[in-house]
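The chain contents come next:
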Amino acid sequence: MALALPEAEERETWGEATFRVRDKIFAMLASATVSVKASREEQAALIAADPETFQVAPYTGRFGWVLVRLASVDPGEMRELVVEAWRRTAPRQLVAAYDAER
């Protein structure tokens with residue numbers, strides 16, 4: 001999912017897979033969870049809607065990152081979260097080019 005986005009790459013960091021665009025992390029994969037970059041408002045809304053699936057991410061949660069339990073998240077929603085995390089991280093020109101292609 002993450003690697004399908006423009007200029008996305010995977011790099012192991014802290015013993016986990018991290019997904020980056022131009023060297024900036026937008027998602028981190030652990031064994032049963034993924035942490036994604038989000039706004040604090042989006043984080044609060046996700047957790048309020050489904051606290052079994054979404055939680056404040058350790059360490060980065062204070063910046064809006066969300067911990068997602070893979071066993072219970074809808075695949076379409078997970079894709080949306082990954083794309084939005086990439087959009088928050090990628091340079092504006094790259095996001096504009098991505099949008100123009102779609």
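See the structure printed just above.
Right, let's walk through the structure included here.

Parameters and conventions
Residues numbered from 1 in each chain as written. Predicted model: local features only at pLDDT ≥ 70, side-chain atom pairs only at ≥ 80, totals over all residues. Heavy atoms only, no water. 1 Å grid on protein atoms, 1.4 Å probe; cavity = no way out; pocket = protein on both sides within 12 Å on 5 of 7 lines; lining within 4 Å. Points joined across faces, edges and corners; volume = space filled by probe spheres on them. Nonpolar A, V, L, I, M, F, W, Y, C, P; charged D, E, K, R; others polar. Helix = DSSP H or I, 4+ residues; strand = E, 2+ residues; numbered from the N terminus. Pairing = 2+ DSSP bridges. Axes fitted to C-alpha atoms, helices over the stretch in contact; angles between N-to-C directions. Contact = heavy atoms within 4.5 Å. Salt bridge = Lys/Arg side-chain N within 4 Å of Asp/Glu carboxyl O. Buried < 20%, exposed > 50% of the residue type's maximum accessible area, 1.4 Å probe, protein only.

**Focus on the layout of surface pockets**
One way to see where empty space is left: roll a probe the size of a water molecule over the atoms.
(1) Moving on: For the largest pocket, the calculated volume is near 200 Å³.
(2) Moving on: Residues that form the lining of the largest pocket fall into these classes: six nonpolar, three polar and one charged.
(3) Moving on: What the second largest pocket holds in volume is close to 150 Å³.
(4) Moving on: Every residue along the wall of the second largest pocket is listed here: Met1, Ala2, Leu3, Phe19, Ala27, Leu29, Val34, Leu70, Met78 and Val82.
(5) Moving on: Elements that contribute at least two residues to the lining of the second largest pocket include exactly β3 (24-29) and α2 (75-89).
(6) Moving on: For the lining of the second largest pocket, a count of residues per class yields ten nonpolar, no polar and no charged.

**Points about the sheet that holds strand β5 (residues 54-56)**
Hydrogen bonding along the main chain pairs the strands of a sheet, whether they run parallel or antiparallel.
(1) Moving on: Here six strands make up an open sheet; going across it, the order is β1-β2-β3-β4-β6-β5 and the pairing antiparallel. Either end of the sheet is taken by a strand with one partner, and the two such strands are β1 (8-13) and β5. Taken over all neighbouring pairs, the strand axes of this sheet differ in orientation by 30° on average, direction set aside.
(2) Moving on: Two strands pair when backbone bridges link them, and β1 and strand β2 (residues 16-21) are joined in this way by six bridges, in the antiparallel orientation. Note on β2: the bridge partner recorded for glutamate 10 is phenylalanine 19.
(3) Moving on: In the packing of α2 onto the sheet, contacts are made with β2, β3, β4 (33-36), β5 and β6 (66-69), and the angle to β3 comes to roughly 155°.

**A short note on the pattern of salt bridges**
(1) Moving on: In this structure the tally under the stated criterion is seven salt bridges.
(2) Moving on: As a salt-bridge pair, arginine 87 and glutamate 84 come within 3.5 Å of each other at their nearest N and O atoms. Here arginine 87 and its partner glutamate 84 are both found in helix α2, three residues apart, which amounts to about one turn of the helix.
(3) Moving on: A relative accessible area of 26% means that arginine 87 is categorised as partly exposed.
(4) Moving on: On the accessibility criterion, glutamate 84 (36% relative accessible area) is partly exposed.
(5) Moving on: Residues participating in the shared-partner salt-bridge network are Glu9, Arg11, Arg20 and Asp23.

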